[in-house]
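Commentary on secondary and tertiary structure
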Number of protein chains: 2
Amino acid sequence: MTRQLIGVDWGTSNVRAWLIADGRPIAQSQSTQGMSRIMASEYPRALARMIEPWLSGAASRNVIACGMLGAAQGWVEARYRTVPCKPVAPGELTAIATELRDCTVHIIPGIRQFKPMADVMRGEETQVAGFCVDNPHFDGVLCLPGTHTKWVHVSAGEIVSFRSFMTGELYDLLCRHSLLRHSVSSNEFCPDEFREAAGDQLSQPELLAARLFAIRAESLIAGLEAARAGSRLAGFLVGAELAASRPYWLGHRIAIIGAPRLAQSYEMALDIVGQKPLLADSERCTVAGLTHAHSLCLNFP
Amino acid sequence: MTRQLIGVDWGTSNVRAWLIADGRPIAQSQSTQGMSRIMASEYPRALARMIEPWLSGAASRNVIACGMLGAAQGWVEARYRTVPCKPVAPGELTAIATELRDCTVHIIPGIRQFKPMADVMRGEETQVAGFCVDNPHFDGVLCLPGTHTKWVHVSAGEIVSFRSFMTGELYDLLCRHSLLRHSVSSNEFCPDEFREAAGDQLSQPELLAARLFAIRAESLIAGLEAARAGSRLAGFLVGAELAASRPYWLGHRIAIIGAPRLAQSYEMALDIVGQKPLLADSERCTVAGLTHAHSLCLNFP
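This structure is a prediction, so every number in the text was calculated from the model and none was measured.

Residues and elements named next belong to chain B. One way to put it is that helix α2 (residues 124–134) packs onto helix α9 (residues 282–298) with a least axis distance of 7 Å and a crossing angle of 90°. As far as their axial angle goes, α9 and α2 are roughly perpendicular. Contacts between α2 and α9 pair Thr126, Gln127, Ala129, Gly130, Phe131, Val133 and Asp134 from the former with Ser282, Arg284, Cys285, Thr286, Ala288, Gly289, Leu290 and His292 from the latter. The residue inventory of the contact of α2 with α9, partitioned by class, reads 6 nonpolar, 7 polar and 2 charged.

The following block contains the structure:
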């Protein structure tokens, strides 16, 4: 019987756990008890709900975990490693003993950068590690779109530098809490509107602050439809991100690691600047990264 | 006995009302029942609370009002006039009969612009009108900082064009609802930090999207203090606004109409680009504008 491992990716909003055998997920569970929604004391029970059924089998009691459970507002604050460095390396895991059938949860350290701009990641380093397992000779830039999108320069299996963008969070705040909430809908995607807005923003990046209010005004006085307005807003924000991440995508090979719909919108925006990124599945990268970390750091199998 | 008038500025968050005699406020009241906080049906009572004591005197029963009570989400949707136009002109008021001692509330139309970018204002046109009463020969640009800052090009007593920025709302959303809420405080202002951030943003406006997350990262890994972080955030956002409003301030005379603290921060940012704006008091401009509108539109005195 193959020995199995349990891996967990604890995000800001959502949590996913996998039972993994021979590098492949054979069962999975998820929850919405992300870091921003629970207190430190609630982690043991939230974890138990997700993984307990798997503990009667052959799974290792050394659970490997990445993400925001290691943040200051998470379960236990875990270390950072500093670039340039391998995305995942032996040692420096933060271990939490639990009462759940003697499981120990091992948190993979986050990555930090002091220069040229302060930056941090927690969770993405594991996806980067998983991508590098599949693509050992990759030299280029990984784009991981999400609430806080990361652009990560990878060379010789190391993270050289990276930069984070609040694009996803800004989109969400503007759609739900700002004046624009009366004008935009994020349920329908208009590719032409998105593409045009991203292009406008790339060619005149200094105008972002003016363009946001104009969405509201155009909906009030010229009947701009909510679906077009939402796609235009997304285009402006992704365009602003590409304008700011130019040193990352210009002249590099690019791969996008992300959920399909989000990855496609970044692919569309990158097409404007002539980039044809590879697309990598984010779940596959996470599972491969957790497996790699488990093997590297916990000497298994 | 001088005949008196009642003027009201109904904003998104706050409401102010004045009893005005000979163009000067002799009494005032305020409330937090702004447009975003009440339903259309609650306006009569909210208004009564603010102005009823004044109605036993010599005040005109024709109350003049500007602002968001005329918005689609306000009391009654009022008209827009289209640029280029005088900020306030005879006719086109929207009248609401009330049961409050036979008062009629007259809403000053908002202003809209179709080109080069869709834009709208409600309330600021009255401040612009008041400024023009005090400065009849002004030719230049008025900056009205606030939740949605307006830059207004005024020439020969007309609004030629204008542009709105969500700077104040973005600052508020980021401080209260985003990841940055853990890192920034808006209670203390660090002028040096603000000035440096605004300058950085002006010289590389395409980097805004990257700079926001870096505030959080620097507070996590390098101990950036909350007051400095908040001032830096404000500097980035005001710098982004100046980068986008360049056609408005470059080569024009500038006057800022705003609350003192906010006006000072814009003054500081404009100093970076060599502009020395006039400062005008916003309450004075509003009262002068309401008085002017009352006289012009309602034939009083």
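Still to come is the rest of the account.
Let's shift gears to the relation of the copies chain A and chain B. At an RMSD of 0.0 Å, chain A and chain B line up after a rotation of 180° and a shift of 0.0 Å along the axis. Put plainly, the chains are arranged around a two-fold axis. Distance from the rotation axis, computed per C-alpha, reaches its smallest value in chain A at Glu206 of chain A: 3.0 Å. Take the interface residues of chain A: 100% of them recur as interface residues in chain B, which is what a same-surface contact looks like.

What follows concerns the pairing of strand β4 (residues 62–67) of chain B. All names here are of chain B. Counting buried residues along β4, 5 of its 6 residues qualify, which places the element largely inside the surrounding structure. As judged from the 4 bridges shared by strand β1 (residues 4–10) and β4, these two strands associate in the parallel manner. Bridging from a neighbouring strand, Trp10 pairs with Gly67 of β4. Pairing geometry for β4 and strand β7 (residues 104–107), over 4 bridges, is parallel. The partner of Ala65 across the bridge, within β7, is Ile107.

It is worth spelling out helix α9 (residues 282–298) of chain A at this point. Residue and element names in this part refer to chain A. The end-to-end C-alpha separation of α9 is 23 Å, in line with the 24 Å expected for 17 residues at 1.5 Å each. Here α9 lies mainly inside the structure; 12 of its 17 residues are buried. What α9 keeps buried is the set Ser282, Cys285, Thr286, Val287, Ala288, Gly289, Leu290, Thr291, Ala293, His294, Cys297 and Leu298. Here α9 starts with a cap whose side-chain oxygen sits 3.3 Å from the backbone nitrogen of Glu283, and that cap is Asp281.

What follows concerns the state of the cysteines. Residue and element names in this part refer to chain B. Across all of its chains, the model carries 0 disulfides over all chains by this definition. This cysteine, Cys85, is not joined by any disulfide, and Cys132 carries the nearest cysteine sulfur, 11 Å off. Residue Cys85 is classed as buried on the basis of its relative accessible area, which comes to 8%. Lacking any disulfide linkage, Cys297 is separated from the closest cysteine sulfur, that of Cys66, by 12 Å. Overall, the relative accessible area of 14% leaves Cys297 in the buried class.

Our focus in this paragraph is the packing of aromatic side chains. Residue and element names in this part refer to chain A. Using the criterion set out here, one finds 8 aromatic pairs over all chains in the structure. Relative to Trp75, the ring of Tyr43 has its centre 5.4 Å away and its plane inclined at 15°; by these criteria the two rings are stacked. With Tyr43 in helix α1 (residues 43–51) and Trp75 in the loop between β4 (62–67) and β5 (80–82), this pair connects stretches of sequence that are 32 residues apart. In terms of burial, Tyr43 and Trp75 fall into one category: buried. Summarising the aromatic geometry, the rings of Phe189 and Phe194 are spaced 5.2 Å apart at their centres and angled 55° between planes, so their arrangement reads as tilted. Since its relative accessible area comes to 32%, Phe189 is described here as partly exposed. One aromatic cluster is present, built from ring pairs that chain together Trp10, Tyr43 and Trp75. In this structure, Arg122 is placed above the aromatic ring of Tyr80, and the distance from its NZ or CZ to the ring centre is 4.2 Å.

This part is about the confidence of the model for chain A. Here chain A shows a mean pLDDT of 94. Residues at 70 or above account for 99%. For this predicted complex, the interface confidence reaches an ipTM of 0.92, while the overall pTM sits at 0.93.

Attention shifts here to the environment of Arg79 of chain A. Residue and element names in this part refer to chain A. As for its placement among the helices and strands, Arg79 is situated in the loop between β4 and β5. Arg79 sits in the partly exposed class, given a relative accessible area of 41%. Sequence separation between Arg79 and Ser231 is 152 residues, and the spatial gap between their C-alpha atoms is 38 Å. Excluding its chain neighbours within four sequence positions, the residues that come into contact with Arg79 are Glu92, Leu93, Thr94, Pro109, Gly110 and Arg122.

Cis geometry is adopted by the peptide bond preceding Pro116 of chain A, which originates at Lys115 of chain A and carries an omega value of 0°. Note that Pro116 of chain A resides in the loop between β8 (110–113) and β9 (119–121). Here the phi dihedral of Asp102 of chain A falls at roughly 60°; this positive angle occurs in a residue that is not glycine. Tracing the backbone through its elements, the reader meets Asp102 of chain A in the loop between β6 (94–97) and β7 (104–107). Here the phi dihedral of Arg101 of chain B falls at roughly 50°; this positive angle occurs in a residue that is not glycine. In this structure, Arg101 of chain B sits in the loop between β6 (94–97) and β7.

Turning our eyes to something else, we now look at the interface of chain A and chain B. Taken together, the contacts link 43 residues of chain A with 43 residues of chain B. Three residues, Met166, Phe213 and Ile221 of chain A, lead the burial of chain A against chain B; their summed loss comes to 19% of the area buried on that side. Summed over the shared surface of chain A and chain B, the result is 0 salt bridges. Linking chain A to chain B there are 6 residue pairs in polar contact (both at pLDDT 80 or more). Mapped onto the side of chain A that touches chain B, the elements with two or more residues apiece are β8, β9, β12 (158–165), α3 (167–177), α5 (208–222) and α6 (226–244) of chain A. In terms of residue count, the dominant contributor to the side of chain A that touches chain B is α5 of chain A (12 residues). Tallied by class, residues from the side of chain A that touches chain B come to 26 nonpolar, 7 polar and 10 charged.

Cut-offs used in this document
Residues numbered from 1 in each chain as written. Chains lettered and ligands numbered in written order. Predicted model: local features only at pLDDT ≥ 70, side-chain atom pairs only at ≥ 80, totals over all residues. Heavy atoms only, no water. Axes fitted to C-alpha atoms, helices over the stretch in contact; angles between N-to-C directions. Helix = DSSP H or I, 4+ residues; strand = E, 2+ residues; numbered from the N terminus. Parallel < 35°, antiparallel > 145°, perpendicular 65-115°, else oblique. Contact = heavy atoms within 4.5 Å. Nonpolar A, V, L, I, M, F, W, Y, C, P; charged D, E, K, R; others polar. Least-squares fit on C-alpha atoms with pLDDT ≥ 70 in both. Buried < 20%, exposed > 50% of the residue type's maximum accessible area, 1.4 Å probe, protein only. Pairing = 2+ DSSP bridges. Expected span 1.5 Å × (residues − 1). Polar contact = N/O pair within 3.5 Å; in protein donor to acceptor, adjacent residues only side chain to side chain. Disulfide = S-S within 2.5 Å. Phe/Tyr/Trp six-rings, centres within 6.5 Å; stacked < 30°, edge-to-face > 60°. Lys NZ or Arg CZ within 6 Å of the ring centre and 35° of its normal. pLDDT = per-residue confidence, 0-100. Buried area = accessible area lost by both parts, 1.4 Å probe. Salt bridge = Lys/Arg side-chain N within 4 Å of Asp/Glu carboxyl O.

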